[in-house]
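# Fold and contact review
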Amino acid sequence: DSGVTQTPKHLITATGQRVTLRCSPRSGDLSVYWYQQSLDQGLQFLIQYYNGEERAKGNILERFSAQQFPDLHSELNLSSLELGDSALYFCASSVSLGEETQYFGPGTRLLVL
Amino acid sequence: GQQLNQSPQSMFIQEGEDVSMNCTSSSIFNTWLWYKQEPGEGPVLLIALYKAGELTSNGRLTAQFGITRKDSFLNISASIPSDVGIYFCAGQLSGAGSYQLTFGKGTKLSVIP
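The structure reproduced in this document is the subject of the present report. (Residues numbered from 1 in each chain as written. Chains lettered and ligands numbered in written order. Predicted model: local features only at pLDDT ≥ 70, side-chain atom pairs only at ≥ 80, totals over all residues. Heavy atoms only, no water.)

### Here we look at the sheet that holds strand 7 (residues 64-68) of chain A
All names here are of chain A. Selection rule: Here, strands pair whenever DSSP counts at least two bridges between them. Each helix is a run of H or I in the DSSP string that is no shorter than four residues. Each strand is a run of E no shorter than two, and both are numbered from the N terminus. Axis lines are fitted to C-alpha atoms, over the contacting stretch for helices. Their N-to-C directions set the angle, which ranges from 0 to 180 degrees.
The four strands lie next to each other as 1-3-8-7, forming an open sheet whose pairing is antiparallel. The sheet is open, and its two borders are formed by strand 1 (5-7) and strand 7, each paired with just one other strand. Within the sheet, the average angular offset between the axes of one strand and its neighbour, ignoring direction, is 15 degrees.

Structure follows, in structure tokens:
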């Protein structure tokens, strides 16, 4: 158990819908990262938040957004969903800016029908 | 963006055999990491390498950070059935305060008892 929690574990929705994925980092960790894992693209970095502020952006679509709240939990919002958005979404956390180890949560499996 | 080439894509080995997998990159990294992912779980960190030429062991696992900083390998000795999973290499390049990870596509390891 990494100490990072993600909810829900599974999500099934329809194209065009909007969903919110939630992540709670390990106790004391200030950084949260979101990654997408798909069969064809592998694990891709989406976005990083540090202590409530956006820190780095990767291959994140404009339809996707994230935020980190004062209690340091984070939410990833996916809107106007397409079939190709079906993937595993992982959250990871680290103590500070990220030079240290990133610990991954169990992931949310999203299926868009 | 940066690409990591990880090979082999998959391996079937007999229990007790040694395993070797590697990762190469077109760009340099400051840190190389090896993760293992089991079905339904997030990636778990196995070994982290911080210096070019560094050789680090974790039980039956040994990994090296290539001298050119563009490659890394992971060896598993005397494989056992619980070694089954997908092994990912990841490179981390710290710059402008961003420590995002770039992942290889993974090596799927199957161990035949």
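Once the structure has been displayed, the description carries forward.
### Side note on the pattern of salt bridges
This is how the line gets drawn: We define a salt bridge as a contact between a side-chain nitrogen of Lys or Arg and a carboxyl oxygen of Asp or Glu at a distance within 4 Å.
The tally for this structure, following the rule as stated, stands at five salt bridges over all chains. Two residues, D85 of chain A and R63 of chain A, come together in a salt bridge whose shortest N-O distance is 2.8 Å. Of this pair, D85 of chain A sits in the loop between strand 8 (74-78) and strand 9 (87-94) while R63 of chain A sits in the loop between strand 6 (53-57) and strand 7, and the two are 22 residues apart along the sequence. Ionic pairing is found between E38 of chain B and K36 of chain B, a salt bridge with its closest N-O pair at 3.2 Å. Each of R63, E82 and D85 of chain A takes part in salt bridges that share partners, so that together they form one network.

### Some details on the interface of chain B and chain A
What counts is decided by this rule: It only takes one pair of heavy atoms within 4.5 Å for two residues to be counted as in contact. Accessible area that two parts lose when put together, evaluated with a 1.4 Å probe and summed over both, is termed the buried area. Two N or O atoms count as a polar contact when they lie within 3.5 Å, although within protein this holds only if one can serve as hydrogen donor and the other as acceptor, and sequence-adjacent residues are included solely when both atoms are side-chain atoms. Asp, Glu, Lys and Arg are counted as charged, while Ala, Val, Leu, Ile, Met, Phe, Trp, Tyr, Cys and Pro are counted as nonpolar; the rest, among them Gly, fall into the polar class.
Taken together, the 17 residues of chain B in the interface contact 21 residues of chain A. Taking both sides of the interface into account, the surface hidden between chain B and chain A amounts to around 1600 Å²; carbon and sulfur atoms contribute 52%. Taken together, the links from chain B to chain A amount to zero salt bridges. Here chain B is connected to chain A by four residue pairs in polar contact (both at pLDDT 80 or more). In terms of residue class, the side of chain B that touches chain A is made up of eight nonpolar, seven polar and two charged.

### Observations regarding a nonpolar patch on the surface
Condition: Patch membership needs two things, relative accessible area over 30% and no salt bridge, and members are linked within 9 Å if like-charged or within 5 Å if nonpolar (Val, Leu, Ile, Met, Phe, Trp, Tyr). All accessible-area figures derive from a Shrake-Rupley calculation using a 1.4 Å probe, and residue coverage is judged against the displayed protein chains alone.
Taken together, the side chains of I12, L111 and L113 of chain A make up a nonpolar region of the molecular surface, amounting to roughly 310 Å² of accessible area. Within the secondary structure, L111 of chain A sits in strand 11 (residues 108-112).

### Side note on the pairing of strand 8 of chain A
Residue and element names in this part refer to chain A. Under the convention used in this document: Between buried and exposed lies partly exposed: a residue is buried under 20% and exposed over 50% of the maximum accessible area for its type, with that area taken using a 1.4 Å probe on protein chains only.
For strand 8, a buried count of five out of five residues is recorded, marking the element as mostly surrounded by other parts of the structure. Alternating residues of strand 8 divide into S74, L76 and L78 and E75 and N77, and every residue in both groups is buried. Both strand 3 (residues 19-24) and strand 8 contribute to a ladder of five bridges, which runs antiparallel. Bridge pairing links L21 to L76 in strand 8. Both strand 7 and strand 8 contribute to a ladder of five bridges, which runs antiparallel. For A66, the partnering residue across the bridge sits in strand 8 and is L76. Between strand 7 and strand 8, which pair antiparallel one after the other, the connecting turn spans five residues, and L72 there sits at a positive phi close to 80 degrees.

Treat this as a map of the structure, not an account of what it does.
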